Amino acid sequence: FDAVVQSVAKRQAAQPNLKSVTVYYNASQAPSFRSQISSAASIWNSSVSNVKLQATSGSADFAYYEGNDSRGSYASTNGHGSGYIFLDYAQNQQYDSIRVAAHETGHVLGLPDHYSGPCSELMSGGGPGPSCTNRYPNATERSRVNQLWANGLAQAVAKLAQAR
């Protein structure tokens with residue numbers, strides 16, 4: 001999280017009117033899911049205001065990977081925009097692939113799993129079954145991400161102020 005905060009603080013210094021945190025992701029190691037990842041980022045970008053996801057082909061805060069894993073898709077993250085997301089081929093054939101990518105991206109943004117939740121909760125993941133195709137975070141999930149990243153931006157601004 002400190003690396004993300006430092007990066008945000010530098011961008012804040014260059015752009016004092018910055019209203020949201022930009023988190024960069026690299027999807028080059030998940031070429032089969034490039035479209036789904038882009039859609040998932042667009043969903044999050046249209047759903048929350050305090051953090052924005054931006055694709056890059058270079059150095060990134062987190063990356064997407066693809067392959068086969070008996071555990072299915074998962075995120076390995078600190079919950080503050082750093083880590084990686086693994087997208088499993090078999091799971092993405094069974095479940096809505098954009099929902100899977102958006103769900104896993106939710107982890108990078110700080111949200112936990114809630115498998116017992118209804119299909120209307122993005123973070124219910126595979127809990128509601130493969131017929132669930134909801135790709136959008138609900139109001140509670142959106143609010144939580146905005147709350148988490150408002151604190152991240154405040155910390156970045158505070159860190160910047162300390163550096164001056």
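Since we're looking at a predicted model, the values are computed, not measured. (Residues numbered from 1 in each chain as written. Predicted model: local features only at pLDDT ≥ 70, side-chain atom pairs only at ≥ 80, totals over all residues. Heavy atoms only, no water.)

1. Notes on the overall build of the protein chain
On a plain count of helices and strands, the protein chain comes out with five helices and five strands. For the protein chain, the N- to C-terminal ordering of α and β elements is α-β-α-β-β-β-β-α-α-α. The burial tally for the protein chain puts 48% of its 164 residues in the buried class. Partitioning the contacts of the protein chain with sequence separation of at least 6, the portion at a separation of at least 24 is 59%. Summed over all atoms, the accessible surface of the protein chain reaches about 7,900 Å², with 47% contributed by carbon and sulfur. (Helix = DSSP H or I, 4+ residues; strand = E, 2+ residues; numbered from the N terminus. Buried < 20%, exposed > 50% of the residue type's maximum accessible area, 1.4 Å probe, protein only. Contact = heavy atoms within 4.5 Å. Areas by Shrake-Rupley, 256 points an atom, 1.4 Å probe, with all protein chains shown as cover.)

2. So, the state of the cysteines
One pass over the full model with this rule turns up one disulfide. Note on cysteine connectivity: Cys119 is disulfide-linked to Cys132, with sulfurs 2.0 Å apart. Between Cys119 and Cys132, the S-S dihedral sits near 85°, and the bridge is therefore right-handed. Here the residue Cys119 occupies a position in the loop between helix H4 (97–108) and helix H5 (139–163), and Cys132 occupies one in the loop between H4 and H5, the gap between them amounting to 13 residues. (Disulfide = S-S within 2.5 Å.)

Shape descriptors only; they carry no functional weight alone.
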